[in-house]
Amino acid sequence: PGLEALRRATWTQTVKPQMLCDELQGRLLAALSQMIAPQRVLELGTFTGYATACLSEGLLPEGVVDTVDVDDELHLLQDEHWTMIGCQSRLHRYTGKAKEVLASDALFSDDDRPYDLVFIDADKEHQQWYVDWAIEHVRDGGWIVVDNVLWWGEVLRVASGASADPNAQRIHALNAYMKGHPSLDNLLLPLRDGLHVARRRPRR
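Residues numbered from 1 in each chain as written. Predicted model: local features only at pLDDT ≥ 70, side-chain atom pairs only at ≥ 80, totals over all residues. Heavy atoms only, no water.

Engineer: Hey, could you run me through the sheet that holds strand S7 (residues 195-200) in this one?
Structural biologist: One key point about sheets: their strands pair by backbone hydrogen bonds, in either a parallel or an antiparallel sense. Spatially, seven strands are ordered S3-S2-S1-S4-S5-S7-S6 in an open sheet, and the strand pairing comes out mixed. Each of the sheet's edge strands pairs with one partner strand only, and the pair in question is strand S3 (91-95) and strand S6 (184-189). On average, each strand axis in the sheet is inclined to that of its neighbour by 15°, with strand direction left out of account. With five bridges connecting them, strand S2 (residues 64-69) and S3 associate as parallel partners. By the bridge assignment, valine 65 is partnered in S3 with leucine 91. Its contacts with the sheet put helix H4 (residues 75-85) on S2 and S3, and the angle it makes with S3 is roughly 175°. Across the sheet, helix H8 (residues 166-180) touches strand S5 (138-147), S6 and S7, and the angle it forms with S6 is around 140°. (Pairing = 2+ DSSP bridges. Helix = DSSP H or I, 4+ residues; strand = E, 2+ residues; numbered from the N terminus. Axes fitted to C-alpha atoms, helices over the stretch in contact; angles between N-to-C directions. Contact = heavy atoms within 4.5 Å.)

Pasting the structure below:
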């Protein structure tokens, strides 16, 4: 019921509710969290906090989700529904541009554990930078999940030479980069707008 209420509030109270992940994607993120049983999760791109709550479902008792977003105007909506869902005490919110927050090392000021799971749903301009950062800051065998990797089908049109959309071109290049990266085992899931799910291979 709490997640349902958060979905309704997002669609009735925000300007771009289509940024919300749908129920299937939310259930997949929750399932990944439950399978991994993480101590630390990082989310880049909080929006109204629906995916954040889903990612918290499999946390170990001492586990936390760190979530980063530039928009502070949604904090009241997030807090109201995170409290209703019962996950607020497990969530640490950071406000600012994702790249600046990551570069500041603020995420490791009180906790030096590597991340078990990083979910990337922030600006598309710096996605490869975020992936590279995640590769260095997830544990061996940890997971990196990138959202919007099909860009509503536009990525497929870029691949066929039928589109010059700049965001789609960047995402297409990111998919190829992740596919060929020596540190990743990965799978692109055609769920909603596409999820790239990658496992961090053990370091030698």
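Engineer: I'm lost on the pattern of salt bridges in this one. Help?
Structural biologist: Pairing between side chains becomes possible if they bear opposite charge and their charged atoms approach one another. Considering all chains together, one arrives at 13 salt bridges under this definition. The residue aspartate 116 makes a salt bridge to arginine 139 at a minimum N-O spacing of 2.6 Å. Here the residue aspartate 116 occupies a position in strand S4 (residues 115-120), and arginine 139 occupies one in strand S5, the gap between them amounting to 23 residues. In this structure, arginine 199 and aspartate 185 form a salt bridge, with 3.6 Å as the shortest nitrogen-oxygen distance. Remark: aspartate 185 occurs in strand S6 and arginine 199 occurs in strand S7; sequence separation between them is 14 residues. Classification of arginine 199 by relative accessible area gives partly exposed; the value is 28%. Residue classification places aspartate 185 among the partly exposed residues on the basis of a relative accessible area of 32%. Salt bridges linked by common partners bring Arg40, Asp66, Asp111 and Arg113 together as one network. (Salt bridge = Lys/Arg side-chain N within 4 Å of Asp/Glu carboxyl O. Buried < 20%, exposed > 50% of the residue type's maximum accessible area, 1.4 Å probe, protein only.)

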